[in-house]
Amino acid sequence: MEKIAMLGGGSWATALTKILSENGARVSWWLRSKDDVQHLRTTRHNPRYLSSVAFDLTRVFPSTDIAEVVKDADWVVLAVPAAFVKEALDKLERDALKGKRVISAIKGMLPSRNELVTDYVVERFRLKDECLGVVAGPCHAEEVALEKQSYLTIGSPDVALAEQFCQLLRNRYVRAHAAADLDGIEYCAVMKNIIALTCGIAHGLGYGDNFQAVLVSNAVQEIRRFLHALSPEPRDLSASAYLGDLLVTSYSQFSRNRTFGSMVGRGYSVKSAQLEMNMIAEGYYAVKSIYELNKQLKVSMPITSAAYHVLYEKIAPAVELEILKEKLR
Ligand SMILES: NC(=O)c1ccc[n+]([C@@H]2O[C@H](COP(=O)([O-])OP(=O)(O)OC[C@H]3O[C@@H](n4cnc5c(N)ncnc54)[C@H](O)[C@@H]3O)[C@@H](O)[C@H]2O)c1
Ligand SMILES: O=P(O)(O)OC[C@H](O)CO
């Protein structure tokens, strides 16, 4: 039985715990909230996220003690929003992840450092890149709870490690495959959130499907330019780990980033939109990190710039979209 430590109490940690434990793995599960842990232990359900899912408590062990949760694990899965992952991992000793395989399921960057999660983990815990992987692909936790057919890509410089994790995930409704492009996949997962958020802003302002199709097409080019400037490896951006994820997050009713953007487009302030959502829109933080990283790269990124101006410079969404409109083809 593989021993997995799941870090995070949100929708994605809940969905991954369902998949992994139902496939026979032993999952020790770190959640911040004592009440949530208590609720899980007594009712088998996460009270806040995907609360229809019932866990088998002979395989799933919720706890608020992060050090205890990771101690005996073979795999550590990170599923805390990127803005809080440093705070969570700082509770662990520097050698706590030694000898373990670490999989980031996070689609975001550390906002305080403009750094990919895997880069931070490698540095903080002195791990080799080959011990790490990422979970990518167009997959909403809500559809996992409903057991709808989904596809995941596990990216790692060690494709054999990625394949091992794929084997832990595959089931009747999850297909998984391994890929080598860790950085490209991780950056693309960060950037798709910015695009979904901008699609939401446009939707909130009353723009329709015609405009969104052009926005998303231009987004593919923007992502391609940025990835090429950062890591010019050959990669097929039409693969589902890249384009598929961009599409699901831009169009789905379940998208946190699109929902958040739509509220901003309809006139909510950033603060009130964040308070209204019980969930985290990673794109809010990603916009700032990518915008700041791009000050050195100087890639043409009109969509990211527009989102940055709205969210961080308080430019009215309608004004910014008028400007963006002129730049799209
Ligand atoms: N939800 C999905 O379908 C999905 C799919 C793929 C990847 N992801 C990624 O998984 C990661 C986790 O997102 P999610 O969707 O599970 O989150 P979520 O939006 O469902 O839940 C928010 C989570 O943030 C936590 N949180 C809020 N404030 C916090 C704080 N101050 N300190 C620490 N934690 C805090 C909450 O406890 C909760 O666990 C993100 O990087 C997201 O992009 C999510
Ligand atoms: O679509 P969002 O904004 O909820 O993000 C969730 C996942 O990244 C989708 O794969």
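Numbering of residues starts from 1 in every chain and runs along the sequence as written. The lettering of chains begins at A and the numbering of ligands begins at 1, in the order of writing. Where local features are concerned, this predicted model is filtered to residues with pLDDT of at least 70; where side-chain atom pairs are given and counted, the filter is 80 or more; whole-chain, interface and lining totals use all residues. Processing note: side-chain calculations cover all non-hydrogen atoms of the structure and skip hydrogens and water entirely.

Per an unreviewed UniProt entry, the chain goes by Glycerol-3-phosphate dehydrogenase [NAD(P)+] and derives from Hymenobacter aerilatus. UniProt positions are given in the numbering used here, feature names are shortened, and annotations may be inferred rather than shown by experiment. Quoted straight from UniProt, the Pathway (unreviewed entry) entry for the chain says "Membrane lipid metabolism; glycerophospholipid metabolism." Entered under Subcellular location (unreviewed entry) in the UniProt record, the comment concerning the chain runs "Cytoplasm".

A. View of the overall build of the chain. Numbering of helices and strands runs from the N terminus, with a helix taken as a DSSP run of H or I at least four residues long and a strand as a DSSP run of E at least two residues long. When helices and strands are tallied, the chain shows 15 helices and 10 strands. For the chain, the C-alpha radius of gyration of 19 Å lies close to 20 Å, the compact-globule estimate for 329 residues. Seen through its C-alpha atoms, the chain measures out along the principal axes to roughly 55 × 40 × 35 Å. Intrachain contacts of the chain at a sequence separation of at least 6 include 71% that bridge at least 24 residues. About 14200 Å² of surface is accessible on the chain, with carbon and sulfur atoms providing 49% of the total. Charged residues are defined here as Lys and Arg on the positive side and Asp and Glu on the negative side; His and the ends of the chain fall outside this count. Note on charges: their place is set at NZ of Lys, CZ of Arg, CG of Asp or CD of Glu. Between the averaged position of the 40 positive side-chain charges in the chain and that of its 38 negative side-chain charges there is a distance of 2 Å. Just to be clear, the radius of gyration here is over C-alpha atoms, and the globule rule we use is 2.2 Å times residues to the power 0.38. Contact criterion: two residues are considered in contact whenever any of their non-hydrogen atoms come within 4.5 Å of each other. Method for areas: the Shrake-Rupley scheme with a 1.4 Å probe, in which residue coverage is limited to the protein chains shown.

B. How the structure looks around the site of ligand 2. For this purpose, a residue is taken to be near a molecule or strand whenever a single non-hydrogen atom of the residue falls within 4 Å of it. Near ligand 2 you find Lys-107, Gly-137, Cys-139, His-140, Lys-192, Asp-245, Thr-249, Phe-254, Ser-255, Arg-256 and Asn-257, and these make up its full shell. Within the backbone of Cys-139, an N or O atom sits 3.3 Å from an oxygen atom of ligand 2. A distance of 2.7 Å separates an oxygen atom of ligand 2 from a polar side-chain atom of Arg-256. With the chains in place, 91% of the 300 Å² that ligand 2 exposes on its own is no longer accessible. More than half of the atoms belonging to ligand 2 lie within 2 Å of the grid points that define the largest pocket. When contributions to the shell around ligand 2 are tallied by element, the ones reaching two or more residues are helix 10 (240-251) and helix 11 (256-265). Think of a polar contact as two N or O atoms within 3.5 Å of one another; within protein, one of them needs to be a possible hydrogen donor and the other a possible acceptor, and neighboring residues in sequence only count if both atoms come from side chains. For cavity detection a 1 Å grid was placed over the protein atoms alone, and a set of points counts as a cavity when a 1.4 Å probe fits there but cannot get out; an open set counts as a pocket when protein lies on both sides within 12 Å along at least five of seven lines, with lining residues being those that have an atom within 4 Å of a point. Whether a molecule sits in a cavity or pocket is decided by its atoms, more than half of which must lie within 2 Å of the grid points.

C. Highlighting the domain arrangement of the chain. When cut into domains, the chain gives domain 1 (3-180) and domain 2 (184-325). A separation of 25 Å is found between the C-alpha centroids of domain 1 and domain 2. Residue-level contacts link 29 residues of domain 1 with 26 residues of domain 2. Put simply, buried area is the surface a 1.4 Å probe can reach on two separate parts but cannot reach once they are joined, added for both. Summed over both partners, the interface of domain 1 with domain 2 comes to about 2300 Å²; 62% of that surface belongs to carbon and sulfur atoms. Broken down residue by residue, the surface that domain 1 buries against domain 2 is led by Lys-107, Met-109 and His-140, which jointly contribute 28%. The salt bridge criterion pairs a side-chain nitrogen of Lys or Arg with a carboxyl oxygen of Asp or Glu, the two atoms within 4 Å. Counting across the interface, domain 1 meets domain 2 through two salt bridges. A salt bridge links Arg-256 to Glu-142, with the shortest nitrogen-to-oxygen separation between them at 2.6 Å. Between the two partners, domain 1 and domain 2, sit 11 residue pairs in polar contact (both at pLDDT 80 or more). Those domain boundaries reflect an automatic or database domain assignment.

D. Examining the sheet that holds strand 9 (residues 150-155) more closely. Strands were regarded as paired on the criterion that DSSP finds at least two bridges between them. With respect to topology, eight strands assemble into an open sheet ordered 3-2-1-4-5-8-9-10, the strand pairing being mixed. Looking at the sheet topology across the chains shown, the edges are occupied by strand 3 (60-63) and strand 10 (174-179). For this sheet, the mean inter-axis angle between neighbouring strands, taken without regard to orientation, is 20 degrees. Both strand 1 (residues 3-7) and strand 2 (residues 26-30) contribute to a ladder of five bridges, which runs parallel. Each bridged residue has a counterpart across the sheet, and for Ala-5 the counterpart in strand 2 is Ser-28. Lying over the sheet, helix 5 (residues 117-124) contacts strand 4 (75-78), strand 5 (101-104) and strand 8 (132-136), oriented at roughly 160 degrees with respect to strand 8. Packing of helix 7 (residues 159-169) onto the sheet brings it into contact with strand 1, strand 4, strand 5, strand 8, strand 9 and strand 10, and relative to strand 10 it is tilted by some 175 degrees. Only C-alpha atoms enter the line fits that serve as axes; for helices the fit covers just the stretch in contact. Angles between N-to-C directions range over 0 to 180 degrees.

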